[in-house]
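# What the coordinates show
Letter by letter, the chains look like this.
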Amino acid sequence: MEFTTGDLKALFDAFSARMAAERDRLCALDGVIGDADHGIAMEQGMKAAADSAQAAEGTLQDVFNAAAKGFLNAVGASSGPLYATALLRAGKAAGPRASMPSGELRTLIAAIRDGIVQRGKAEPGQKTMLDAWGPAADAAANGQSANAIVTAALNGAEATRDMIATVGRAARLGERSLGHPDPGAVSAAMLVEEICNAMKTA
């Protein structure tokens, strides 16, 4: 099964719809340990990314690059540069071609993780989005099923509940961040889920 530029544009639409649907939940999570705006940032970012992707012509890489630019322009907060870099890395992995085997979506999950690490300098266990993208990328790299990759991301996001934030805005809470999942990890797991849905249906 091939994953085409049309499928990629549809995936960005799915990202956008999911973030819009989950906006209030993500803001509520962020209200406990952050500025209560994570849901709004992700909704605006993915809407802009999806709009830019739809308008893009050319290869998979071209669509990813356009989406990255759209996200960055819409989101000034910390997640803006992180996801922009991640999407650029995913575009590089997808390459300048019109389609790719749908199984290769696994490599995109790893590329997104690598972009976040490169830009954010975070490490696993610091209560960030990396705690969801990391396990998902590991599962993807090991050739696990789409369902197993989603489970890894969800478990990673849930595990942030027991972590103390040491980077980002939540770090200033110290131990008061304990007991609350990281909203960035929760939204990351949602995005992983949409990618895996695309892997199954492409």
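Use the structure listed above.
In this report, the structure presented in the accompanying data block is examined. (Residues numbered from 1 in each chain as written. Predicted model: local features only at pLDDT ≥ 70, side-chain atom pairs only at ≥ 80, totals over all residues. Heavy atoms only, no water.)

### Some words on helix α4 (residues 79-94)
- Helix length check: α4 (16 residues) gives 22 Å between terminal C-alpha atoms against 22 Å at 1.5 Å per residue, within 8%.
- Trailing α4 by a residue or two, G95 shows a phi angle of about 85°, which is positive. (Helix = DSSP H or I, 4+ residues; strand = E, 2+ residues; numbered from the N terminus. Expected span 1.5 Å × (residues − 1).)

### A closer look at the nonpolar core
- With 61 residues, the main nonpolar core has F12, Y83, I109, I116, W133 and I149 as its most contacted residues.
- Of all elements in the fold, only α1 (5-33), α2 (38-55), α3 (60-74), α4, α5 (105-120), α6 (130-141), α7 (146-159) and α8 (183-201) reach the threshold of two or more residues within this core.
- No other element matches α8, which puts 11 residues into this core.
- Leaving out residues up to four positions away in the same chain, I116 has contacts with L82, Y83, A86, K121, M129, L130 and W133. (Core = buried A, V, L, I, M, F, W, Y, C linked by side-chain atoms within 4.5 Å. Buried < 20%, exposed > 50% of the residue type's maximum accessible area, 1.4 Å probe, protein only. Contact = heavy atoms within 4.5 Å.)

### Digging into unusual backbone geometry
- Residue A36 is not a glycine yet carries a positive backbone phi of 65°.
- By the element assignment, A36 lies in the loop between α1 and α2.
- The backbone of K127 shows a phi angle near 65°, a positive value even though the residue is not glycine.
- Of note, K127 is situated in the loop between α5 and α6.
- With a relative accessible area of 2%, K127 lands in the buried category.

### Some details on the packing of α6 against α8
- Two elements in contact, α6 and α8, have axes separated by 7 Å at closest approach and are oriented at 30°. Relative to α8, the element α6 lies roughly parallel. Only A185, A188, A189, L191, V192 and I195 of α8 make contact with α6, whose side of the interface consists of A132, W133 and A136.
- The residue makeup of the contact of α6 with α8, split by class, is 9 nonpolar, no polar and no charged. (Axes fitted to C-alpha atoms, helices over the stretch in contact; angles between N-to-C directions. Parallel < 35°, antiparallel > 145°, perpendicular 65-115°, else oblique. Nonpolar A, V, L, I, M, F, W, Y, C, P; charged D, E, K, R; others polar.)

### Remarks on the packing of aromatic side chains
- Inspection of the entire model under this criterion finds 4 aromatic pairs.
- Centre to centre, the rings of F12 and F64 are 5.8 Å apart; their planes meet at 75°, and the pair counts as edge-to-face. Here F12 is found in helix α1, whereas its partner F64 is found in helix α3, with 52 residues between them in sequence. For the pair shown, F12 and F64 are each scored as buried. (Phe/Tyr/Trp six-rings, centres within 6.5 Å; stacked < 30°, edge-to-face > 60°.)

### Thoughts on empty space enclosed by the protein
- Tallying each qualifying case throughout the model produces 2 cavities of 30 Å³ or more.
- By volume, the largest cavity amounts to about 40 Å³.
- Contributing elements (two or more residues each) for the lining of the largest cavity: α1 and α5.
- Among the elements that line the lining of the largest cavity, the one with the most residues is α1, at 3 residues.
- If you add up the space inside the second largest cavity, you get close to 40 Å³.
- Taken together, F15, M46, Y83, L87, I112, W133, L191 and I195 make up the lining of the second largest cavity.
- Contributing elements (two or more residues each) for the lining of the second largest cavity: α4 and α8.
- Residues that form the lining of the second largest cavity fall into these classes: 8 nonpolar, no polar and no charged. (1 Å grid on protein atoms, 1.4 Å probe; cavity = no way out; pocket = protein on both sides within 12 Å on 5 of 7 lines; lining within 4 Å. Points joined across faces, edges and corners; volume = space filled by probe spheres on them.)

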